[in-house]
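A closer look at the structure
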Amino acid sequence: MLYCNLYVLPVQRLRISPFLVSLRASFSVLAAQDSDFSSDDCSSTELPSYRELRDRFRRDVTSNNTRKALETLNTLRGCYPGKCPVHDFNYMTMCYLNSTNVTVDGVHEVYLKMKESVPRPDRLTYEILLSGLISVGGWNDAVLVLDEMIKNSFLPTYREFATLLKALLEVGSVLNAVSVIEMMLSTSIYPNQHDVSVVIQALCKYQMIKEAYYLFMVLSDSGFSASTCIYNPILWAMSKCGQHYEVFAFFGLLEKKGLMLTIYSYTALVYVLGKEKMWDEVFHVFDVMQSIGSRPNLITYTNAIKLLCDDAQSDQALHLLETMENNGCEPDLITYNIVIRELCYQGRIDEICNLLHAIDEKGLLCDKYTYAALTGGLLKRGHVDVASGMLVHIISRGYTVDEAIYNIYLHSSCRSGNSVEALPIMKSMLENGLRPTNVSFNTYLKGLCREKNVDDALKVLDHINCCTNGPDLFSFNTILSAACKKADSAMVRRILIRMEYEGIKMDVVSATCLIQYYCAAGKINCCLKLLESMVVDGPHPNTVSLNTLLVGLCKNQHLGLAKQLFDRLKEVGVSPNTASYNILIRAAIQKDNNMLVDELSREMLSRNIKPDASTYGCFVYSFCKQGKISDALYLRDQMRENGISPNIFVYNTLLKAMLITGRFSSIIPLIKHMEMDGCQPNEGSHVILRRAKMNPWMKRFPAALKFLESIMLGKML
């Protein structure tokens with residue numbers, strides 16, 4: 001048994017909620033209302049005969065005057081206690097149900113009267129009530145009537161149970177359906193497999209997995225023989241919710257009970273193991289399936305391949321794809337598309353070509369998802385021109401495309417700085433019967449803002465109103481972010497007015513953009529008021545808001561205020577990250593505030609926040625600023641030991657310090673270490689070298705000057 005003894009799954013009793021206030025609670029209320037009844041007939045000197053009152057009652061019932069019939073019944077009960085036969089009530093209930101103005105409340109009232117007047121309802125009473133309540137949609141009352149029927153020792157038939165169960169399932173009243181099944185089992189009547197399967201699937205659909213599991217256990221303990229369509233949905237629901245311990249325990253339970261485990265049972269196990277990235281166990285399950293003759297099918301392989309690709313395990317995904325074909329399971333286009341997408345993300349062009357060739361050999365035709373995988377992957381790798389050329393080829397050849405392909409095309413045009421091409425692309429969408437979506441317009445807006453055409457971006461909002469339901473919050477945040485970066489107060493004001501006009505409220509992204517704007521414009525008081533409003537009234541600031549605030553304040557030389565607000569936001573639940581500490585440490589080093597640097601370093605350690613390359617870069621800069629180049633080099637070596645590669649900022653800082661202090665002999669080893677760490681000189685490196693060359697004192701060191709010139713000309717080793 002694969003997972004029999006690994007885990008123990010607790011069995012919890014399903015809590016069935018009270019669907020309505022109990023009928024018995026209503027009996028006492030109505031009885032209290034009727035206890036003081038007075039009847040002109042009974043108070044008169046001549047008492048109406050029993051037969052006369054009963055004939056009057058039948059006339060009222062026949063004429064569908066239920067209210068009058070109930071009044072006559074009340075009189076009959078007062079004048080002749082104990083002489084109200086149950087069949088009169090049954091007759092009245094049937095007539096009422098056949099009338100045109102029948103309601104659930106009306107049926108309820110008739111039943112209450114019967115409970116007060118008749119010593120004991122008979123079986124026909126419950127049958128009439130059940131049928132009537134089901135016909136008028138009184139599902140909750142029907143369940144209670146069924147329960148009352150059983151308590152009064154009237155055993156419902158299978159047909160009555162099945163009729164109510166079917167009605168409950170049709171309207172999606174799942175918990176009521178569970179109650180009915182429990183009642184069936186209490187009377188030793190078993191529901192059919194189909195009804196139980198529908199209830200289980202509905203419970204799983206609404207993520208009531210514990211209730212589904214409990215129902216399975218109740219059925220199993222009662223001797224009900226569950227089929228795969230009952231327990232496989234529970235396995236899958238647990239798997240999709242990431243409940244891997246529960247999946248293992250349930251899988252083992254099924255094995256212990258000797259229930260048949262199908263391909264879909266094992267596929268659910270493969271899925272949850274893959275979600276947890278337990279790849280050795282995934283491949284072990286494949287081996288087990290082969291050994292017991294339950295060969296994995298297309299769904300099993302495709303799920304495993306997708307999960308491998310999601311984890312960037314493309315080599316294993318390709319190997320499993322090959323194994324799949326060797327085992328006689330032909331992959332379909334969906335499987336190929338999944339692998340192609342991941343290979344595109346990794347830029348593995350040769351493998352992509354091989355898969356496209358395999359698709360062609362198998363007679364499969366690339367679809368819009370294949371094109372989306374190819375072009376989207378190329379864009380992610382930065383091959384904008386290649387992706388754009390492929391998209392033009394696809395669209396011009398008349399291949400079937402959808403909005404996603406066009407949106408990728410828009411994205412590629414905007415990425416390449418050709419946002420002007422976006423409108424013709426959207427016009428082409430309309431010509432092909434496709435309507436630009438908010439994603440299309442937001443992509444266009446992002447491209448315009450990247451090219452700093454904020455005015456044009458604001459005009460695009462009017463086009464969005466024409467083609468979609470109007471601009472969304474992402475649209476406004478895109479333009480607002482660009483305007484705030486430029487500190488364009490007039491544009492910011494126009495955007496905020498337009499947002500108010502469209503009825504769109506700011507979120508934390510919008511508010512963070514405004515924090516950036518106020519800091520860039522030097523409006524620190526406005527920034528503080530906005531921040532206080534966010535803390536008190538929302539939207540609550542997040543880590544990005546905190547870091548944006550710290551950068552803005554430090555640029556405005558407000559380090560002390562930045563530290564105060566840093567502590568204040570931590571108190572209200574905003575969690576700082578490594579970048580937050582880097583911002584303050586860098587500003588403190590520039591201000592020579594060594595005490596604050598030490599405090600922040602200790603706090604990072606106490607919060608278990610790990611330093612990154614930027615953190616080390618700050619301390620390298622601090623050592624170099626103090627002329628402690630040896631300490632800075634030691635810290636660089638510590639970075640490597642901790643698994644962090646020194647970046648170009650670290651090397652530029654060291655290079656500048658060595659040139660200033662005249663340690664030319666150390667520059668050659670430094671450059672070699674740069675190459676070892678995969679760092680290439682950038683524009684900052686060349687600026688440092690040009691400035692060093694222009695210093696007059698460099699003429700006293702001709703060898704060093706020649707060496708610097710060789711670096712600038714790209715002739716280094």
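Check the entry above for the structure.
So, how was this worked out
- Residues numbered from 1 in each chain as written.
- Predicted model: local features only at pLDDT ≥ 70, side-chain atom pairs only at ≥ 80, totals over all residues.
- Heavy atoms only, no water.
- Core = buried A, V, L, I, M, F, W, Y, C linked by side-chain atoms within 4.5 Å.
- Buried < 20%, exposed > 50% of the residue type's maximum accessible area, 1.4 Å probe, protein only.
- Helix = DSSP H or I, 4+ residues; strand = E, 2+ residues; numbered from the N terminus.
- Contact = heavy atoms within 4.5 Å.
- Phe/Tyr/Trp six-rings, centres within 6.5 Å; stacked < 30°, edge-to-face > 60°.
- Polar contact = N/O pair within 3.5 Å; in protein donor to acceptor, adjacent residues only side chain to side chain.
- Salt bridge = Lys/Arg side-chain N within 4 Å of Asp/Glu carboxyl O.
- Axes fitted to C-alpha atoms, helices over the stretch in contact; angles between N-to-C directions.
- Parallel < 35°, antiparallel > 145°, perpendicular 65-115°, else oblique.
- Nonpolar A, V, L, I, M, F, W, Y, C, P; charged D, E, K, R; others polar.

Points about the nonpolar core
Counting 93 residues, the largest nonpolar core has Leu164, Val180, Val199, Phe216, Phe250 and Ile305 as its most contacted members. Top element by residues in this core is helix α10 (residues 174-186). It accounts for eight residues. Aside from chain neighbours lying at most four places away, what touches Val199 is Leu169, Val174, Ala177, Val178, Ile181 and Leu215. Counting residues in hydrophobic clusters, the runner-up holds 76 residues, among them Tyr371, Leu410, Val492 and Cys618.

Description of unusual backbone geometry
A cis amide bond links Gly538 with the next residue in sequence, Pro539, at an omega value of -5 degrees. Here Pro539 is to be found in the loop between α30 (524-537) and α31 (543-555). A positive phi angle, near 65 degrees, is found at Gln557, a position not held by glycine. Tracing the chain through its elements places Gln557 in the loop between α31 and α32 (559-571).

Focus: the packing of aromatic side chains
Following the criterion strictly, the structure yields ten aromatic pairs and no others. Ring plane angle 50 degrees and centroid distance 5.7 Å describe the contact between Tyr126 and Phe154, whose orientation is recorded as tilted. Linking Tyr126 in helix α7 (residues 123-135) with Phe154 in the loop between α8 (139-151) and α9 (158-170), this pair joins segments that are 28 residues apart in sequence. Each member of the pair Tyr126 and Phe154 is classed as buried.

Here's the deal with the side chain of Ser685
Structurally, the position occupied by Ser685 is in helix α39 (residues 683-694). Side chain to side chain, Ser685 and Asn682 meet in a polar contact 3.0 Å long. Among residues more than four places away in sequence, those in contact with Ser685 are Ile648 and Asn652.

Concerning the pattern of salt bridges
Scanning all chains against the criterion turns up 21 salt bridges. For Glu127, the salt bridge identified is with Arg123, shortest N-O distance 3.0 Å. Within this pair, Glu127 and its partner Arg123 are both found in helix α7, separated by four residues, close to a single helical turn. Exposure remark for Glu127: the relative accessible area of 30% places this residue in the partly exposed category. With a closest N to O distance of 3.3 Å, Asp567 and Lys570 form a salt bridge. Taken together, the positions of Asp567 and Lys570, both in helix α32 and three residues apart, correspond to about one turn of that helix. A relative accessible area of 25% means that Asp567 is categorised as partly exposed.

Some points on the packing of helix α35 (residues 613-625) against helix α37 (residues 648-661)
Two quantities define a packed helix pair, namely the angle between the axes and the distance from one axis to the other. Remark: α35 packs on α37, axes separated minimally by 9 Å, with the N-to-C direction vectors making an angle of 5 degrees. Our classification of the angle between α35 and α37 gives roughly parallel. In this structure, α35 contributes Gly617, Cys618, Val620, Tyr621 and Cys624 to the contact, and α37 contributes Phe649, Val650, Thr653, Leu654 and Ala657. Among the residues forming the contact of α35 with α37, the class breakdown is eight nonpolar, two polar and no charged.

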